[in-house]
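For reference, the chains in residue letters:
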Amino acid sequence: MSNPTSKSARPRRRPDDSPFDFNLDAVEAKQELTPFVVQFQGKRWTFCHLQELDCWDLLEAARDGEVGAMLGAFKTALGEQFGEFRKLRMPQYKLQPLFRAWQKHCGMNEDGSPIQPTDDTSD
């Protein structure tokens, strides 16, 4: 015999006036995503702002560890310029300062966290 006080669990229905739980289309950058311009071997190189990079490309590159993630960021940020940029010899001592300057330009610490805490109350 079934228990009259227990109800079978029904999935909750979304009210007709709430077609979604979160509107990702409405999310905008909290800062201007200004490109990072570098001079190297007499030429200008334009890197996209770190926050503008396609997350899927970065996540895929991160599978190869920290070095893969950094290389993926450079590839994604330089876009069509990457092949030409990669052909140039770059001493290792220039790589870390370049990456740190790019992070600083983008408002990020070395660990990728924002330099200044954001006023994000949307969580």
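Analysis parameters
Residues numbered from 1 in each chain as written. Predicted model: local features only at pLDDT ≥ 70, side-chain atom pairs only at ≥ 80, totals over all residues. Heavy atoms only, no water. Helix = DSSP H or I, 4+ residues; strand = E, 2+ residues; numbered from the N terminus. Buried < 20%, exposed > 50% of the residue type's maximum accessible area, 1.4 Å probe, protein only. Contact = heavy atoms within 4.5 Å. Areas by Shrake-Rupley, 256 points an atom, 1.4 Å probe, with all protein chains shown as cover. Phe/Tyr/Trp six-rings, centres within 6.5 Å; stacked < 30°, edge-to-face > 60°.

(A) How the structure looks around the overall build of the protein. Along the protein, the regular secondary structure elements total 4 helices and 2 strands. Along the protein, helices and strands appear, N-terminal first, in the series β-β-α-α-α-α. Classification of the 123 residues of the protein by burial places 20% in the buried group. Sequence-distant contacts, at least 24 apart, represent 51% of the contacts inside the protein between residues at least 6 apart. When the accessible surface of the protein is totalled, it reaches about 10,600 Å², and 50% of it is carbon and sulfur.

(B) Geometry of the packing of aromatic side chains. With the rule as written, the count across this model stands at 9 aromatic pairs. Between F74 and F99 the ring centres are 5.8 Å apart and the planes differ by 75°, which places this aromatic pair in the edge-to-face class. Pair noted here: F74 is in helix α2 (residues 65–78) and F99 is in helix α4 (residues 92–105), with a separation of 25 residues, a long-range link. Note on F99 and W102: the rings are 5.7 Å apart at their centroids and 85° apart in plane angle, and the pair reads as edge-to-face.

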